[in-house]
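Below, each chain spelled out in residue letters.
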Amino acid sequence: MSDAITVSGLHAGYGAHPVLMDLAFSIEAGSMVGLLGPNGAGKTTLFRVLTGLLPFRRGSVSLFDRPLAALSARTRARLVAVIPQELATPVAFSVEQLVMIGRTAGLSRWGNPASSDKKVVERAMAYTDLMSLRARPLDALSGGEKQRALVAMALAQEPRIILMDEATSHLDINHRLEIMQIVEQLNRTERVTVLMISHDLNLAAEFCERLILLDHGETVGDGPPPAVLTQDALRRVYHCDVRVHHDPTAGSLTVVPARSPQPAPTGKRRSVHVVAGGGCGSELIRHLLMAGHAVSCGVLNEGDADALLAAALGVETVLEKPFSPITPAAVERAGQLAARADAVVLTDVPFGSGNEPNLEIAEHALLAGRRVLVMDAALADRDYTAHKSATRRVALLVEQGARSCPTLREVLEQLD
Amino acid sequence: MNRRYPIWLIVALTPLVLGLCLLFGAEGLGLPSGPARRTILYLRLNRVLAGLLVGAGLSSAGVVLQALLRNPLAEPYVLGISSGAGLGAGLAILAGAAAVSFVAVPLSAFLAGMGTLLLVYRLASQRGGPSIYSLLLSGVIVSAMCSSILMFVISIAPVQGLHSVVWWMLGNLEVYARGLLRLSGLVIPGGVLAIWLLAPELNALTLGREMAHHVGVRAHLAMAAGLTLATLVAATAVALSGLIGFVGLIVPHAMRLLVGPDHRRLVPASALAGGMFLAVCDAVARTVLAPREIPVGVITALLGGPFFLILLRKRRARGWIE
């Protein structure tokens with residue numbers, strides 16, 4: 001496998017201000033790589049170096065093993081195309097005219113574009129689904145269409161490398177995906193190497209097989225998305241708490257900035273242990289955190305929706321193996337968390353033989369004199385235990401002093 | 001693309017319109033008669049040709065400057081090229097250089113125009129390349145300074161030759177040196193051709209220097225070439241005819257509405273239409289108050305202004321994004 005881009009010992013910057021320090025990496029031909037990093041990390045400077053816009057001080061940059069400095073402007077334009085964040089031109093070109101500008105490097109000065117140029121332009125417009133808009137002036141296009149026209153213009157260069165400089169950051173989710181899918185298909189079918197700068201970590205993780213994380217002009221992470229997008233690395237680079245989330249349903253990886261819970265303006269801060277499962281506790285946990293309460297959670301099975309949310313929000317949770325009945329050992333650990341809490345909330349989770357042991361946590365807490373709040377609405381309908389034993393045990397709890405709170409709101413009011 | 005036929009229409013229209021202009025004279029409509037008819041026809045032909053050349057030069061310079069500065073307000077005046085060239089040409093005329101060689105006036109105009117452009121460029125570039133706004137701003141200021149210096153020189157100049165300079169300053173297509181017309185006949189068409197050959201670069205540069213670079217344009221070289229060519233044709237036009245405003249601004253806009261923004265068509269269309277426009281304006285200027293002549297610059301503004309406004313209202317935003 002040859003390398004599309006090889007950078008070694010690269011130093012570059014503006015005036016006396018160095019931006020890139022001893023940067024070295026290579027990008028395999030035909031790969032799709034994301035370049036990430038906070039503002040000022042040097043991503044754009046690196047792009048400016050790779051396209052020959054910014055002369056660099058030391059080091060070497062090669063495209064397909066040819067030194068960048070040795071490439072003529074025309075040859076370079078046939079190797080590398082850039083899709084910018086947006087197009088700013090005061091001239092109302094038609095889509096077709098704009099795409100034709102992508103052919104500039106090969107155009108004859110005498111007369112009209114050759115039929116080969118026209119063919120390439122047609123193909124680029126077909127690829128980006130712009131045929132019906134070809135005569136439309138740029139100012140009559142929507143944001144997504146304009147961005148597709150920029151992609152088509154890059155395609156008209158017939159490049160072997162495409163650099164995307166936050167090319168989708170102005171677009172809504174739908175058009176973002178549309179652009180990325182066009183580029184991905186190009187990468188798959190034509191083996192065009194793609195290097196994309198993105199502030200959207202999730203988009204980069206979704207489409208790129210490799211991510212390079214830059215910070216202060218140096219590489220601080222390089223590898224497949226799960227290896228680069230770790231909570232520790234992201235916290236160090238972005239100086240903010242994030243949660244990294246593996247979505248078991250899509251097999252994808254999601255990064256969520258974690259908002260630190262704001263203390264409630266009124267009311268007291270309490271600690272609350274939540275018994276939940278299957279997503280029944282998610283809303284409660286979020287509201288408790290927003291109200292400034294300290295939350296613990298359990299016992300939950302690994303991979304459970306509530307468990308994922310609790311992990312994302314940094315809630316201390318007792319976990320059991322996936323799809324396994326809850327063991328006494330786990331109940332005991334959860335009981336310790338509940339013993340430290342001011343109150344225990346039993347959410348409206350469906351009960352079966354697997355999670356029935358969770359009821360013990362509430363029972364022990366009540367015996368120990370803790371407040372126990374029970375969301376017991378329609379309990380019988382979600383009781384799948386033998387002989388409705390869960391229903392009986394919850395009724396007993398209420399009899400012995402647990403507070404029945406059918407709705408979320410009542411729970412929150414009780415805690416205030 | 002139904003924008004194809006107007007360019008051929010313009011090409012076909014040009015000899016017709018120029019021929020019609022020959023019929024306009026101080027004695028009224030029609031071919032001249034009498035013993036001096038050959039001379040009169042010859043003088044009219046010179047003026048029509050001068051109109052064609054000057055209009056073509058100013059318009060194509062306007063096209064280039066609007067593309068390179070990515071600003072619809074750019075034209076030879078705004079950047080100080082015209083005023084600088086005017087100062088150079090005015091000084092040469094007052095110094096009597098025109099009598100030494102007909103090349104002296106256009107050469108002086110070109111050098112002064114180029115010097116003004118370089119000065120404006122230097123003033124506008126603080127760090128790295130100049131921003132468009134500082135370029136326009138310093139252009140307007142330097143332009144005003146050049147005009148003031150020219151007026152100052154004229155005010156202290158000896159009386160003889162003063163009339164010709166003032167008349168020239170107002171804009172006048174009367175050919176005062178045959179050699180100059182011949183020289184312009186080489187320089188302006190050559191410059192327009194060179195500008196047309198730059199069309200792919202001009203198209204790309206309207207997307208900004210970086211995008212142009214990405215599609216394979218040597219942006220700095222192309223900008224330098226474009227600015228030099230624009231100065232060359234504008235300064236030659238100024239040397240030939242004095243200061244005629246409006247043509248370089250409105251003709252490119254009108255043509256963008258008619259043939260679209262692609263410079264492959266915009267450059268020839270603007271050059272021909274600019275030439276026709278100025279020839280017609282001159283025909284009007286020399287007949288409407290005959291036997292008195294009105295400065296042709298007055299007509300260009302009076303005819304061109306409303307025409308431009310109508311076009312702008314009718315087909316707003318075709319060609320330019322507002």
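Note that the coordinates shown come from a computational prediction; the quantities given were computed from them, not determined experimentally.

Caption draft 1: Focus on the environment of Ala144(B). All names here are of chain B. With respect to the helices, strands and loops of the structure, Ala144 is situated in helix α6 (residues 132-156). Its 12 C-beta neighbours within 10 Å are what place Ala144 among the exposed residues. Between the C-alpha atom of Ala144 and that of Val247, which follows or precedes it by 103 residues, the distance is 19 Å.

Caption draft 2: Structural context of the domain arrangement of chain A. All names here are of chain A. Segmenting chain A into domains produces domain 1 (3-256) and domain 2 (271-415). Its C-alpha centre places domain 1 at a distance of 48 Å from the equivalent point of domain 2. Taken together, the contact between domain 1 and domain 2 spans four residues of the former and four residues of the latter. Residues of the side of domain 1 that touches domain 2, tallied by class, amount to two nonpolar, one polar and one charged.

Caption draft 3: Main features of helix α5 (residues 143-156) of chain A. Residues and elements named next belong to chain A. With 14 residues, α5 should reach 20 Å at 1.5 Å per residue; the first-to-last C-alpha distance of 20 Å fits that figure. Within α5, ten of the 14 residues are buried, which leaves the element mostly enclosed by the surrounding structure. Taken together, the buried positions of α5 are occupied by Gln147, Arg148, Ala149, Leu150, Val151, Ala152, Met153, Ala154, Leu155 and Ala156. Phi turns positive, to about 50 degrees, at Glu158, one or two residues after α5.

Caption draft 4: Here's a closer look at the environment of Val315(A). All names here are of chain A. Here Val315 shows up in the loop between α11 (305-312) and β15 (316-320). Note on Val315: 22 C-beta atoms within 10 Å, which makes it buried. Taking the C-alpha atoms as reference points, Val315 and Ala294, 21 residues apart in sequence, are found 8.3 Å from one another. Other than its neighbours up to four places away in sequence, Val315 contacts Ile285, Val295, Ser296, Cys297 and Ala310.

Caption draft 5: The arrangement of the interface of chain A and chain B in detail. Across the contact, 27 residues belong to chain A and 26 residues belong to chain B. Listed by contribution, the elements that provide at least two residues to the side of chain A that touches chain B are α2 (73-79), β6 (80-83) and α3 (95-101) of chain A. Among the elements that make up the side of chain A that touches chain B, the one with the highest residue count is α2(A) (four residues). A per-class count over the side of chain A that touches chain B returns 16 nonpolar, seven polar and four charged.

Caption draft 6: Geometry of the environment of Ala167(A). Residue and element names in this part refer to chain A. Mapping Ala167 onto the fold places it in the loop between β7 (161-165) and α6 (173-190). When the 25 C-beta atoms within 10 Å are taken as the criterion, Ala167 is described as buried. With residues up to four places along the chain from it excluded, the contact list for Ala167 reads Ile83, Pro84, Gln85, Gln147 and Ile179.

Caption draft 7: Spatial organisation of the sheet that holds strand β2 (residues 17-28) of chain A. All names here are of chain A. Strands sit in the order β2-β1-β4-β5 across an open sheet of four strands; the sheet is antiparallel. One side of each edge strand has no neighbouring strand; the edge strands of this open sheet are β2 and β5 (66-67). Direction of pairing for strand β1 (residues 3-14) relative to β2: antiparallel, over a ladder of eight bridges. Note that in β2 the partner of Thr6 across the bridge is Ser26. Set on the sheet, helix α1 (residues 43-50) makes contact with β1, β2 and β4 (58-63); between it and β1 the angle comes to about 115 degrees.

Analysis parameters
- Residues numbered from 1 in each chain as written.
- Chains lettered and ligands numbered in written order.
- Predicted model: local features only at pLDDT ≥ 70, side-chain atom pairs only at ≥ 80, totals over all residues.
- Helix = DSSP H or I, 4+ residues; strand = E, 2+ residues; numbered from the N terminus.
- Buried ≥ 20, exposed ≤ 12 C-beta atoms within 10 Å, placed from the backbone.
- Domains from an automatic or database assignment.
- Contact = placed C-beta atoms within 7 Å.
- Nonpolar A, V, L, I, M, F, W, Y, C, P; charged D, E, K, R; others polar.
- Expected span 1.5 Å × (residues − 1).
- Pairing = 2+ DSSP bridges.
- Axes fitted to C-alpha atoms, helices over the stretch in contact; angles between N-to-C directions.

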